[in-house]
Amino acid sequence: MPARQFFVGGNWKMNGDKKSLGDLITTLNTAALNDQTEVVCGAPTIYLDFARSNLDARIGVAAQNCYKVAKGAFTGEISPAMMKDCGIDWVILGHSERRHVFGESDELIGQKVAHALENDLGVIACIGEKLEEREAGTTEKVVFEQTQVIADNVKDWSKVVLAYEPVWAIGTGVTASPQQAQEVHEKLRQWMRENVSESVADSVRILYGGSVTGGNCKELASQPDVDGFLVGGASLKPEFVDIINARG
Ligand code: PGA
């Protein structure tokens with residue numbers, strides 16, 4: 001089985017300014033980061049160029065969203081072609097805030113995934129159940145359905161990482177326990193085995209996201225099917241370095 005490189009994404013969401021993000025970038029550029037870990041920072045659209053210009057080349061930059069076509073009359077949107085033009089190599093798609101605050105459908109997310117991949121972007125594709133869905137025992141159903149739509153739009157899985165982010169854990173301070181995370185990750189990998197392929201199931205990175213901190217990252221990172229993190233709040237703080245280095 002090929003080793004899966006540990007992957008840590010920061011999702012800055014709609015936070016920061018040139019001063020605070022500049023300070024964070026200096027911290028990251030000068031920190032001792034585990035060189036076995038792939039690191040990508042998700043910047044607000046207006047700071048993508050700033051982040052790319054200032055972050056060390058060993059750290060990738062991701063957009064937090066994109067549209068499904070290259071250009072045209074789509075006020076307020078940006079395209080993968082524009083990102084590539086600015087040196088941006090990744091995009092986060094299907095984040096729960098895009099799904100549940102902005103009403104993005106599975107179908108639209110799938111179309112965005114396909115278009116981003118056609119333009120050679122790496123995609124961090126997010127999935128996850130709401131609290132009421134977990135309580136109703138439908139976690140697997142929800143997560144598998146969301147993953148199916150993503151899978152329907154992926155030809156080359158080498159450019160995709162999946163991020164399992166239970167909605168109830170995002171920004172709440174309530175982290176999934178290492179056992180809860182492992183359980184869903186393992187089932188997701190099994191689903192990939194049955195519905196995509198053996199080799200993709202073995203090689204695809206499955207990140208956990210939802211209130212990951214410097215304090216809880218090590219135990220989560222020790223789970224066999226947790227291949228990294230997507231980090232919101234803590235990615236804006238110096239402890240992001242500890243999360244990057246969670247697998248020592
Ligand atoms: P959080 O956000 O770490 O602040 O919970 C995670 C995310 O939304 O990706």
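This one's a predicted model, so the numbers in the text were calculated from it and none came from an experiment.

Trainee: Which residues make up the sheet that holds strand β1 (residues 7-11), and what are the values?
Mentor: Judged by pairing direction, the barrel is parallel, and its eight strands sit side by side in the order β1-β2-β3-β4-β5-β6-β7-β8 before closing back on the first. Direction aside, neighbouring strands of the sheet carry axes that sit 25° apart on average. The pairing of strand β5 (residues 122-127) with strand β6 (residues 160-164) spans five bridges and is classified as parallel. If you follow A125 over to β6, its bridge partner there is L162. This element, helix α7 (residues 139-151), spans β5 and β6 of the sheet and lies at about 155° to β5. Lying over the sheet, helix α8 (residues 178-195) contacts β5, β6 and β7 (206-209), oriented at roughly 150° with respect to β7.

Trainee: Kindly report on the packing of aromatic side chains, identifying the contributing residues and their values.
Mentor: Scanning the model with the defined rule gives six aromatic pairs in all. Seen from their ring centres, Y47 and F50 are 6.2 Å apart, and the 65° between their planes marks the pair as edge-to-face. Over the ring of F102 we find R98, and its NZ or CZ is 4.1 Å from the ring centre.

Trainee: Provide a residue-level description of α8, including the pertinent values.
Mentor: Its 18 residues place the ends of α8 25 Å apart at the C-alpha level, agreeing with the 26 Å of an ideal helix rising 1.5 Å per residue. Taken together, the buried positions of α8 are P178, A181, Q182, V184, H185, L188, R189, W191 and M192.

Trainee: Any chance you could break down the site of the ligand for me, citing the residues and the numbers?
Mentor: K13, H95, E165, G171 and S211 are the nearest of the 13 residues found near the ligand. Contact distances for the ligand include 2.6 Å between an oxygen atom and a side-chain N or O atom of E165. Between an oxygen atom of the ligand and a main-chain N or O atom of G233, the distance comes to 2.8 Å. Contact with the protein chains removes 95% of the 280 Å² of surface that the ligand exposes when unbound. Given that more than half its atoms are within 2 Å of the pocket grid, the ligand belongs to the second largest pocket. Class assignment of the residues belonging to the shell around the ligand gives a composition of four nonpolar, seven polar and two charged.

What counts and how
- Residues numbered from 1 in each chain as written.
- Predicted model: local features only at pLDDT ≥ 70, side-chain atom pairs only at ≥ 80, totals over all residues.
- Heavy atoms only, no water.
- Pairing = 2+ DSSP bridges.
- Helix = DSSP H or I, 4+ residues; strand = E, 2+ residues; numbered from the N terminus.
- Axes fitted to C-alpha atoms, helices over the stretch in contact; angles between N-to-C directions.
- Contact = heavy atoms within 4.5 Å.
- Phe/Tyr/Trp six-rings, centres within 6.5 Å; stacked < 30°, edge-to-face > 60°.
- Lys NZ or Arg CZ within 6 Å of the ring centre and 35° of its normal.
- Expected span 1.5 Å × (residues − 1).
- Buried < 20%, exposed > 50% of the residue type's maximum accessible area, 1.4 Å probe, protein only.
- Near = heavy atom within 4 Å.
- Polar contact = N/O pair within 3.5 Å; in protein donor to acceptor, adjacent residues only side chain to side chain.
- Areas by Shrake-Rupley, 256 points an atom, 1.4 Å probe, with all protein chains shown as cover.
- 1 Å grid on protein atoms, 1.4 Å probe; cavity = no way out; pocket = protein on both sides within 12 Å on 5 of 7 lines; lining within 4 Å.
- Sits in = over half its atoms within 2 Å of the grid points.
- Nonpolar A, V, L, I, M, F, W, Y, C, P; charged D, E, K, R; others polar.

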